[in-house]
Every structure is written in C-alpha cells, then in structure tokens.
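# Residue-level structure breakdown
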Amino acid sequence: MCGIVGYVGEKNATPILINALKKLEYRGYDSAGIAVLGNDGIIVRKAKGAIKYLVEKITGEVVKDSKNLSKEECEKAEAEYERQIEKTADFVKGNIGIGHTRWATHGEPSDINAHPHTNVSGTIAVVHNGIIENYAKIKNWLQSQGVVFKSQTDTEVVAHLINYYYEQKKDIFYAVLQALKKLEGSYALGVVCKDFPDRVIAARKDCPLIVGVGNGENFIASDVPAILEYTREVHYLEQKEVAVLYADHVDLFNEDGEKIIRKPSHVEWDLSAAKKDGYAHFMLKEIHEQPKALTDTLRPRLVIENNVPVDIKFDEFDFDENWKNAGRIVITACGTASYAGMVGRYAFEKFARIPVVVDAASEFRYRNPILKKDDIFIVISQSGETADTLEALRIAKKCGAKVIAITNTVGSSVSREADRIIYTWAGPEIAVASTKAYTTQLMCLYLLAIKMGEVRGTIAKDDYLRLLKQLEEIPEKAKRIVENQPVIQKFASEQFNKAKIFYIGRLFDSASSMECALKLKEVSYMHSEAFAAGELKHGPIALVDNSTLVVALATEPALYEKIASNILEVKARGAATLVITQDCSGAFKNCADTTIQIPECENDLASIISVIPAQLFAYYCAVQKGLNPDMPRNLAKSVTVE
Ligand code: F6R
C-alpha cells in the first residue's frame, strides 16, 4: 500500500529510483513521483497513473503500451522502456533522491496529490506510506500559522511540520525527530533537505521500511525486491526507528535520537524471483511456481526415512502439551489469507477434532475478543504487514495468547512480533492477487492439523502415514493442473462475458469456493460470489438465470450426488455449469456442461490443488478482457492501512 524508495550514492539517482519504484508498483499504482537533490536544489516530478506516465513526463517521450503485443514485440517494447528510464537521468540530475508510488487514501489520484510533497519553499521533500490519523488537527494548526497547502493528502502536513521544526535550529535530523513525536497513525517516511545534500532520512512506525546497505551507495525501500539488484544487505527498521543514510554509511537511531548499533541481515532471495521470466504476467508465473513453492514449504517439515515420509516436524517449535491439550484453535487473517484459514478450519476439525474459530482480523480487533488460556492463536499473512492482522496479533498477545504466525515474508512485522513463525517458502509474490502464497498457507495449515491429530491421538498411525505420503504427492499433482492450462484458457475465452459467476461446494469445497470467487472478482472485475452449495436454494438461486455461470468444486465423493443435484437445479434455470472434480467415474457426465478433471488425491487434501483451475480461470478472464491481472484497479498488495 504505497511504495517508497530512496537513494544516496555516486550515481544519478533518477533512473535508480524509477527502476526501484517499478518493482514496488504492486503496492499502489495510481500515481508516482520522485524528488531528486541536484545542484540547484530539489527537483520534483510527479504524474497521475502508472510509473510509465512519470517517465513520459520527464523525458517527453511516449512509452509504448506492451498490451496485445507478441512476445517478441513485447520484449522490444520492454527494452525501449528501459532505455527511456535510463534517459530520465539526462533530465533530472542529482545523486540523492526519494520516490513514491501511490495507493490513494486522502485525496483523489492526481498530479498534485502524488508524492513527494514539499514545504512551501520546496527545500524539504517527503514521501510517505501509511496514514497520519491526526493530520486534520496538525493541518488546522499549520494553516493558522500561515502555511498554504497544495494537496488534499495527509502527507503534506509532514513536510510542513518538519519545516516548522527546521526553522527552529536549521537541523534536519532534529526537525524530523520533533515532527515524528507529533504524528499519530502509521508511517514509513523518506525525507531529503536541500541544505543537507549528503543524506536521506528515513523513519517507520507500523509500515514496513528497509534500508539497503550497498557499496558506496545506500537505499531505502518498502520491500526487498526494489533494491535486490544493488544489495542483499538490509536493515529491517524496527518500530519508531530512524535511519540517516549517507553514500558511505548508514546511522540508525531510536525515536529519541540515540544511536543503535546493529548489523544488517543478509537476504537469501533469488533475484530471478522478482522478474517475470518470460511469463506475460507475474500472476501467471506465480500460478506456475506453485508446485515448487509447495515442495519448498512441505519438504523441510517432512521427516523422511528410507525415502518414505514418517513424521512432521517444525524446526520452529515442538508440538508440546499445549497442542495436545488445546481447547480451541483461533485463526485470524484478512482476505485470501482468511480464506486459507477457513479451509484450515475444516482440516483442524477433521484431523485433530478440535473446535476452530476463524475471524477476519478487521472484526477481531474491535470485538473485545474472548480468548481462553488453552486456545492456540494463529495469524496468517503473506506480507506480514497487513495492518488489521498485525493489530489482531498484538491484541492476542496482550490477552496472554502465544501467537503462531504463518507468513511468507522474512523480517516482516508479523514475523518479528509473533512468538512462533512458520514460513511459507513461496518466494516473493509480486502479483497483487495471491496465488502461491495461498496454496502454501494451506500446506502449512494441513501440516499443523495433521500433526496435531497425531499428537492428540485423533488420527490412527496408518492414516497418519498415508496422509504424509499423499501430501508428498501434492506438488506433482499441482504441476499436472498447471500443465492443463490450455483447457482452462479456452473455457475462459467462452465464459468471460458472463454477468454472474457463482462458486459452490460443500465442506472443504465450500471454504475453497470463497477464494475462487475472490480471485475472479479481483482480477477480472466479474461479479462472483461463493455459496455453500446447500445454501443455494435458501436464497441465492433467485439470482440464477442464463447470464450465470455456476462452478461447483467437487472433491468429496460422498457428496457428489448432492452437488450433481445442485448443478441440475441451476441448469434448469438457464445457468452454464462447470464442475472441478477429481472424480473420473463420470458422476457429473450427465449434468454439468463442462468438467475439469484434477488429479485424484486424498479427498481431504484436494483443496490445496482444486483452487488452481479457478486461479487460471480468473487470470484468463482478465486477459480476455484486456485487463492487467498483476495490477487490479483499486487494490494494492500490502494493506498497511486500516
Ligand atoms: C487477495 C489478496 C488479499 C490478501 C489480504 C491479506 O488476492 O491478496 O486479499 O490476502 O490483503 O494480505 P496478507 O496475506 O499480506 O496479510
């Protein structure tokens, strides 16, 4: 949710900032801007829309749209775009700068509301991710002092407030520290000042910010991919820490300005993970990466003897008495991650016979939640930075719960604040719509549920070993589904104009349906909903007509007949129908218009893979409509504000 970057070094900052912003575009893309400190002071350039419009504004050249181009033409256009980015160095010159890609909160997307924002004289520039909750109060006060505001943003108050304190001592570090004391809400900030042309100042509270430590150059960024090209040594700034970056070193401070000595962490990520590798979009690449991501998440947790999995073990913690005697599992998350939690609920209930509550973090945090001593509290978050999930985690800790976090992001706030961490080893997920993070979250939840069943004696030894063997085969089955992509692509080309898409299912499939419907609405903007199949006739069937596609997930053989009846009911009302199933006995042959077969697997584990055809369907519907699935409108990857 908004991406910020900063550079200080020997090179021209402009193309470096723009390239880094491109890697953060998934965090927000309604406007972008840079502020570069040159010989004549701070040069600010901003533009509404994607980063390419900023490049156009700087160079005066049109950036070619790569939509609907062949692969070859697309590569050519990309190379040309890279050249145009390099060319920005000829127009905006300076070795220090900050940049921003925006997801609007206060004020519509526009050139004026785009960051950076400056003080009145243009000598201090600020980029910001987060929300300044008391901005109206500060703005009123500054206006009463004669300050004239240009934008509708909350961020502009930060620039003027820093200026206010700067005027007291002409010390930019002092001014930033004083201003931070007055800010309520969340922020990751980058600041440059004309009178201190050797440094960038950065600070964070409740929004992620990293400092990249390079060789004769240093960086700030909201996320690692932005700077991976330049360095793998990073400081993950802690709450309320402030960093001052010079070309040759970085100083870290606490909120009182006291120096902190800390070594940077080394980032192990593969650089290619942040590139498209010949795929048209990150979303498609990430769907295809699922077999590997599932293997990487599963393998370190399986104990193998004589080539056979015999146990589950997490290096991160032991399955002690707390697991054995737990009274409840409480799962809290947002969006896709909460839908993973819904599938997890079925898994824990099935395998460990334990009651489970799944809660949207945005509800949990305001409900004065009732947590018991023997609850096991789990938060799930791909980014590890989601504001509501983070707050839910903190509330649970305050209530005395030991929090287990399932997250994909090493060094994220969730990973630092939870008591126990289980990483989904999915690699960086760039596309806004979550795919591989979701299926790897499911893998972790299944591992926990099955192991808990073994510990509590609710799974017989033979069943336990069979489930482990079946889990081991899941990545290969996921691979077979992604290879079936052309079938789904064709189906999408026939259905992408449908007005309504309903996903239905029972048990595990009803939970999976929610994620399938979310994926479709996010990237294709088609109206899609999920219903427990048995609920259809209690209301939603009134919506069904010949503009409807009903997709049934059917992975539980005992309920095939029930699903077949649901299919016949909606068909009788004009709907087109698709069944995604592992059945190969023909249970749906005489009712569904189309059947997509997924590889046979243990019924209760099928949720990990049955979602993949729906991910591909969502992707291809978006492509058919000429949309960019990687950057759906109004969305951002990391929701660091409430
Ligand atoms: C959907 C999606 C969102 C996120 C949600 C939580 O594709 O990506 O619904 O799942 O915003 O994000 P994390 O998992 O980062 O906490």
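Definitions and cut-offs
- Residues numbered from 1 in each chain as written.
- Predicted model: local features only at pLDDT ≥ 70, side-chain atom pairs only at ≥ 80, totals over all residues.
- Heavy atoms only, no water.
- Pairing = 2+ DSSP bridges.
- Helix = DSSP H or I, 4+ residues; strand = E, 2+ residues; numbered from the N terminus.
- Contact = heavy atoms within 4.5 Å.
- Axes fitted to C-alpha atoms, helices over the stretch in contact; angles between N-to-C directions.
- Buried < 20%, exposed > 50% of the residue type's maximum accessible area, 1.4 Å probe, protein only.
- Polar contact = N/O pair within 3.5 Å; in protein donor to acceptor, adjacent residues only side chain to side chain.
- Phe/Tyr/Trp six-rings, centres within 6.5 Å; stacked < 30°, edge-to-face > 60°.
- Lys NZ or Arg CZ within 6 Å of the ring centre and 35° of its normal.
- UniProt positions renumbered as here; feature names shortened; annotations may be inferred.

We now examine the sheet that holds strand β15 (residues 265-266). Strand pairing in a sheet relies on backbone hydrogen bonds. The paired strands run either parallel or antiparallel. Ordered by their spatial adjacency, 8 strands build an open sheet running β3-β2-β4-β1-β10-β9-β11-β15, and the pairing between neighbours is antiparallel. Each edge of the open sheet is held by one strand with a lone partner, namely β3 (41-48) and β15. Bridge analysis of strand β11 (residues 233-236) against β15 gives 2 bridges, and the strand direction is antiparallel. Bridged to V234 within β15 is S265. Strands in contact with helix α1 (residues 13-23) are β1 (3-8), β2 (31-38), β4 (96-102) and β10 (218-221); relative to β2, the strand with the most contacts, it is inclined by about 155 degrees.

A word on the pairing of strand β18 (residues 328-333). When you tally the buried positions in β18, you get 6 out of 6 residues, the bulk of the element. Residues R328, V330 and T332 line one face of β18 and the alternating positions I329, I331 and A333 line the opposite face, and both faces are buried. For β18 and strand β20 (residues 375-381), the ladder comprises 6 bridges, and the chain directions are parallel. Bridging from a neighbouring strand, I329 pairs with I376 of β20. Where β18 lies against strand β19 (residues 356-360), 5 bridges are found, and the strand directions are parallel. From the neighbouring strand, A333 faces β19, where its bridge partner is A360.

As a further point, take the side chain of D604. Examined against the element boundaries, D604 turns out to sit in the loop between β27 (594-597) and α19 (607-624). Residue classification places D604 among the buried residues on the basis of a relative accessible area of 10%. In this structure the side chain of D604 is engaged in a polar contact, spanning 3.3 Å, whose partner is the side chain of K350. Here D604 is in contact with K350, F351, Y446, F508 and E556, once residues within four sequence places are set aside.

Another aspect to go through is the packing of aromatic side chains. Overall, the coordinates contain 20 aromatic pairs when judged by the stated rule. When the centroid spacing of 4.6 Å and the interplanar angle of 50 degrees are considered together, the rings of F173 and F253 count as tilted. Separated by 80 residues along the polypeptide, F173 in helix α6 (residues 172-182) and F253 in strand β13 (residues 250-253) bring together distant segments of the chain. Aromatic ring contacts, followed pair by pair, group F314, F317, F319 and W323 into a single cluster. Looking at K169, its charged tip hangs above the ring of Y174, at a distance of 4.4 Å from the centre.

The sites that UniProt annotates as "active site" (unreviewed entry) are C2 and K637. In sequence the annotated residues extend across 636 residues, while in space they remain close, none of their C-alpha pairs exceeding 9.1 Å. Apart from residues lying up to four places away in sequence, C2 is in contact with R27, G28, H100, T101, R102, W103, H128, N129 and S222. When you line up the elements, K637 lands in the segment after α19. Owing to a relative accessible area of 11%, K637 belongs among the buried residues under this scheme. In this structure K637 touches Y26, R27, Q382, E429, I430, A431, V432, A433 and S434, once residues within four positions along its chain are discounted.

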